Amino acid sequence: MKCVIPAAGLGTRFLPITKAQPKEMLPVYDRPTIQYVIEEAVASGIDDIIIVNGKGKRSIEDHFDRSFELEESLKEKGKFDILKTVNEISNLADIFYIRQKKQKGLGDAINHAKRHIGDEPFAVMLGDIITKSDRPCTKQLIDLSEKYNSSIVAVEKVPNEKVEKYGIIGGSEVSNGVYNVDTLVEKPKLTESPSNLAIIGRYVLYPEIFDHIENTEVSVGNEIQLTDAMAKLDLLYANVFNGRSYDIGNKIDWLKTSIEFALEDDEFNDVLLDYMHEIVK
Ligand code: UTP
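Going along each chain's sequence as written, the residues are numbered from 1 onward. Local features are withheld for residues below a pLDDT of 70 in this predicted model, meaning they are given only at 70 or higher, and side-chain atom pairs are given and counted only at 80 or more; totals for whole chains, interfaces and linings count all residues. Working from all heavy atoms in the structure, the side-chain values ignore hydrogens and water.

> Is there a simple way to explain the overall build of the chain in this structure?
Strands are runs of DSSP state E lasting at least two residues, helices are runs of H or I lasting at least four, and both sets are numbered from the N terminus onward. Helix and strand counts for the chain come out as eleven helices and 13 strands. For the radius of gyration, the atom set is restricted to C-alpha positions; the globular benchmark scales as 2.2 Å times the number of residues to the power 0.38. For 281 residues, the compact-globule formula gives about 19 Å, and the C-alpha radius of gyration of the chain, at 19 Å, lands near that figure. Its C-alpha atoms put the chain at 60 × 50 × 35 Å along the principal axes. Taking all 281 residues of the chain together, the buried fraction comes to 47%. In what follows, residue pairs with any heavy atoms lying within 4.5 Å of each other are defined as contacts. Of the contacts made within the chain by residues no fewer than 6 positions apart, 75% connect residues no fewer than 24 positions apart. Note on areas: these come from Shrake-Rupley sampling with a 1.4 Å probe, and a residue is covered only by the protein chains present in the view. Accessible surface for the chain amounts to roughly 15100 Å². Of this, 49% is attributable to carbon and sulfur atoms. Exposure classes here rest on a 1.4 Å probe applied to the protein chains alone. A residue is buried below 20% of its type maximum, exposed above 50%, and partly exposed in between.

If you want it as structure tokens, here you go:
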């Protein structure tokens, strides 16, 4: 299966950091956000990846490219451990790049990948969302998409006060945690929301989505919303994600995620905890 990673957004919630630096390249502990996304794709069996990028996003391409100068220098200095890490990054997968010239929304970004995808189901993984689980989130979706012969999205239960920030699904539960979706609303008011199940940024979509995107008008935020196009699909399922997702697109969640991931590293756990106790005191 191929996958599309939209990463062309302006990242306005993260300004001024994102003025000349892509949000998807913000480090979360020891690597850029988009590297976690690509590692999830690879762990899900995907080896053909299309990144939709835009102006000022060249560092994404450079990160996944070879860097002969750097490799030579590391070899000369005998830094073979870090050389191995650097080489692994550029060998992760076949990555193709498509440029979205104007940021017209997530739906429009996905539509840019139409010719590369062809006529098969494909995965979509947002470039600013990290997921953590025993079985990768996208792998869970690929398996369920095959079982139900349908497009499918990953969802997570969110508290009432967060409902207005997400695309929300409504429908009937057909088996444990799997819903047949009959309603989709982008950023609804709590009183109008069909549930608390929020779309978290991982999808497997059937190719008819491209026709629906082309027939979708701009809506919330003056953008072509993927949610509006998905609402036109004949069949759509949702899977309550068995794991945890992290939204890196806003400052506080990015900071929390970095701390949580750093605490998981035995090398720094004690030092970081001591430091945190000290500043809290
Ligand atoms: P977001 O809405 O979170 O990204 O889109 P944004 O528009 O960059 O963020 P803010 O709201 O201005 O802070 C989710 C993903 O879709 C991509 C983004 O790069 C992000 O990874 N995206 C969004 C595009 O590729 N193109 C677009 O036109 C919009």
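> Could you clarify how one ought to interpret a nonpolar patch on the surface in this entry?
Distance thresholds for patches are 9 Å for like charges and 5 Å for nonpolar side chains (Val, Leu, Ile, Met, Phe, Trp, Tyr), applied to residues having over 30% relative accessible area and no salt bridge. Any carboxyl oxygen of Asp or Glu within 4 Å of a side-chain nitrogen of Lys or Arg constitutes a salt bridge here. Together, I252, L255 and I259 line one region of the surface with nonpolar side chains, adding up to about 250 Å² of accessible area. Summarising the element assignment, I252 is placed in helix α10 (residues 251-263).

> What am I meant to see in the site of the ligand here?
When at least one non-hydrogen atom of a residue lies within 4 Å of a molecule or strand, that residue is treated as near it. Neighbouring the ligand are 19 residues, the closest being G11, T12, R13, E24 and Q100. Any N or O atom pair separated by 3.5 Å or less is treated as a polar contact, with the protein-specific requirement of one donor-capable and one acceptor-capable atom, and with residues adjacent in sequence counted only for side-chain atom pairs. One of the side-chain nitrogen or oxygen atoms of E24 is found 2.7 Å away from an oxygen atom of the ligand. In the environment of the ligand, an oxygen atom lies 2.8 Å from a nitrogen or oxygen atom belonging to the backbone of G105. In isolation the ligand offers 560 Å² of accessible surface; the protein chains occlude 86% of this area. At a threshold of 2 Å from the grid points, most atoms of the ligand map onto the largest pocket. The nonpolar class holds Ala, Val, Leu, Ile, Met, Phe, Trp, Tyr, Cys and Pro. Asp, Glu, Lys and Arg form the charged class, and all remaining residues, Gly among them, are polar. Considered class by class, the residues forming the shell around the ligand number seven nonpolar, seven polar and five charged. Using a 1 Å grid laid over the protein atoms alone, points where a 1.4 Å probe fits but cannot get out form a cavity; open sets with protein on both sides within 12 Å along at least 5 of 7 lines form a pocket; any residue with an atom within 4 Å of a point counts as lining. More than half of a molecule's atoms lying within 2 Å of a cavity's or pocket's grid points is what places that molecule inside it.

> I'm lost on the packing of α10 against helix α11 (residues 266-280) in this one. Help?
Two measures define how a pair of helices packs: the angle their axes make with one another and the distance between the axes. For the pair α10 and α11, the least separation of the axes is 8 Å and the interaxial angle reads 135°. Accordingly, the angle class assigned to the pair α10 and α11 is oblique. Along its contact with α10, which presents I259, A262 and L263, the element α11 presents N269, L272, L273 and M276. Classifying every residue of the contact of α10 with α11 gives six nonpolar, one polar and no charged. Inter-axis angles, ranging from 0 to 180 degrees, are taken between N-to-C directions of lines fitted to C-alpha atoms, where helices are fitted over the stretch in contact. To sort the angles, those under 35 degrees are grouped as roughly parallel, those over 145 as roughly antiparallel, those from 65 to 115 as roughly perpendicular, and the leftovers as oblique.

> Is there a simple way to think about helix α7 (residues 137-148) in this case?
Because the α-helix completes a turn every 3.6 residues, residues three or four places apart line up on one side. To estimate how far a helix should reach, multiply one less than its number of residues by 1.5 Å. The end-to-end C-alpha distance of α7, which contains twelve residues, comes to 17 Å, matching closely the 16 Å that a straight helix rising 1.5 Å per residue would cover. Residues of α7 that are buried: C137, T138, Q140, L141, I142, L144, S145 and Y148. Just beyond α7, the residue with positive phi is N149, at close to 45°.

> What exactly am I supposed to notice about the nonpolar core here?
Generally speaking, nonpolar side chains in soluble globular proteins are found buried as a group. Residues enter a nonpolar core if they are buried and are Ala, Val, Leu, Ile, Met, Phe, Trp, Tyr or Cys, with the set joined through side-chain atoms within 4.5 Å. If you look at the biggest cluster of nonpolar residues, it comprises 32 residues, and the most contacted ones within it are F122, V153, I169, Y203, L205, I209 and M230. Per-element tally for this core: the top contributor is strand β11 (residues 197-205), with four residues. In this structure, F122 is in contact with M1, K2, V4, I110, I117, Y203, V204, L205, Y206, P207, I209 and F210, ignoring residues within four places of it in sequence. Ranked by size, the runner-up nonpolar core spans 30 residues in total, among them I5, A7, I51 and I200.

> What's the story with the layout of surface pockets in this structure? I'm lost.
A water-sized probe, rolled over the atoms, reveals where empty space remains. Grid points are joined across faces, edges and corners, and a volume is the space filled by probe spheres set on the points. There is about 1500 Å³ of room inside the largest pocket. Lining the largest pocket are 50 residues; nearest its centre among them are R13, L126, D128, K187 and D247. Taken together, the elements giving at least two residues each to the lining of the largest pocket come down to α5 (106-111), β8 (151-157), β11, α9 (226-230), β13 (244-247) and α10. Tallied by class, residues from the lining of the largest pocket come to 18 nonpolar, 15 polar and 17 charged.

> Please explain the packing of aromatic side chains as it appears in this structure.
The geometry of an aromatic ring pair is captured by the separation of the ring centres together with the interplanar angle, meaning the angle of the planes. Under the pairing criterion, centres of Phe, Tyr and Trp rings, with the six-membered ring standing for Trp, must be within 6.5 Å; the plane angle then separates stacked pairs below 30 degrees from edge-to-face pairs above 60, leaving the rest tilted. A full pass over the atoms with the stated rule returns six aromatic pairs. Between F14 and W254 the ring centres are 5.7 Å apart and the planes differ by 85°, which places this aromatic pair in the edge-to-face class. Remark: W254 occurs in helix α10 and F14 occurs in the loop between β1 (2-6) and β2 (27-28); sequence separation between them is 240 residues. Relative to F210, the ring of F122 lies with its centre 5.2 Å away and its plane at 5°, an arrangement referred to as stacked. Here the residue F122 occupies a position in strand β6 (residues 122-125), and F210 occupies one in helix α8 (residues 209-214), the gap between them amounting to 88 residues. Residue classification places F122 among the buried positions, given a relative accessible area of 0%. Judged by relative accessible area, which is 2%, F210 ranks as buried. Among the aromatic residues, ring-to-ring pairing joins Y36, Y246 and F261 into one connected group.

> Explain a positive patch on the surface to me, please; I cannot follow it from the model alone.
Together, R13, K162, K165 and K256 make up a positively charged patch on the protein surface. Mapped onto the elements of the fold, K165 is located in the loop between β8 and β9 (167-175). His residues and chain termini do not enter the charge count, which takes Lys and Arg as positive and Asp and Glu as negative. Think of each charge as sitting on NZ of Lys, CZ of Arg, CG of Asp or CD of Glu.

> What is the right way to look at the environment of Y275 in this model?
Tracing the backbone shows Y275 in helix α11. For Y275, a relative accessible area of 46% puts it in the partly exposed group. Distance in space between the C-alpha atoms of Y275 and D247 is 25 Å, their sequence separation being 28 residues.

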